[in-house]
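# A structural walkthrough
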Amino acid sequence: MIEHNVYILGAGASKSAGYPLGNELLSRLAKDAKSSCELGRKEEQKRFETWMQEQQGVIPEAIRKSGNPEFILTYLDLGIAVFEYNIEKNGGNCFLKI
């Protein structure tokens, strides 16, 4: 049977229950994937690690190495918002520079 884990990001209120803080989450997911018997989890972890390496020069190193997926996703969301704003403001002619 395939097990699924759900992680809820928050303000650390569940730390006392043994759940990881945001900056511990990516390393916890990597550890769980490596010890998993499910090939799919290992493959997904490898794909994520490859993607993160490919983001050098795109996502600042401090954000990539924070271990906090909330920082990474927020950075990407802000980049998309800036891009969309500039396209709207410049009539579709826009190059994104972050």
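Here the structure is a predicted model, which is why all the values come from computation and not from measurement. (Residues numbered from 1 in each chain as written. Predicted model: local features only at pLDDT ≥ 70, side-chain atom pairs only at ≥ 80, totals over all residues. Heavy atoms only, no water.)

For the rest of this paragraph, the subject is the nonpolar core. Nonpolar side chains in soluble globular proteins tend to be buried together. Counting residues in each nonpolar core, the largest one holds five residues, listed as L26, M52, I59, I72 and Y75. Not counting chain neighbours up to four residues away, the residues in contact with L26 comprise F48, G67, N68, P69 and I72. (Core = buried A, V, L, I, M, F, W, Y, C linked by side-chain atoms within 4.5 Å. Buried < 20%, exposed > 50% of the residue type's maximum accessible area, 1.4 Å probe, protein only. Contact = heavy atoms within 4.5 Å.)

What follows deals with helix 1 (residues 22-35). Note that an α-helix has 3.6 residues per turn; residues three or four places apart therefore point the same way. Taking 1.5 Å of rise per residue, 14 residues should cover 20 Å, and helix 1 covers 21 Å from first to last C-alpha, within 8% of that figure. All of the buried residues in helix 1 are L25, L26, A30, D32 and A33. Tucked into the core, helix 1 has its buried residues touching helix 2 (39-54) and helix 4 (69-89). (Helix = DSSP H or I, 4+ residues; strand = E, 2+ residues; numbered from the N terminus. Expected span 1.5 Å × (residues − 1).)

Per the stated rule, a full pass over the model turns up four salt bridges. The salt bridge partner of D32 is R28, with a shortest N-O separation of 3.8 Å. Taken as a pair, D32 and R28 lie in helix 1 at a separation of four residues, close to a single helical turn. In this structure R28 comes out as partly exposed when scored by relative accessible area, which is 30%. With a closest N to O distance of 3.2 Å, K65 and E61 form a salt bridge. (Salt bridge = Lys/Arg side-chain N within 4 Å of Asp/Glu carboxyl O.)

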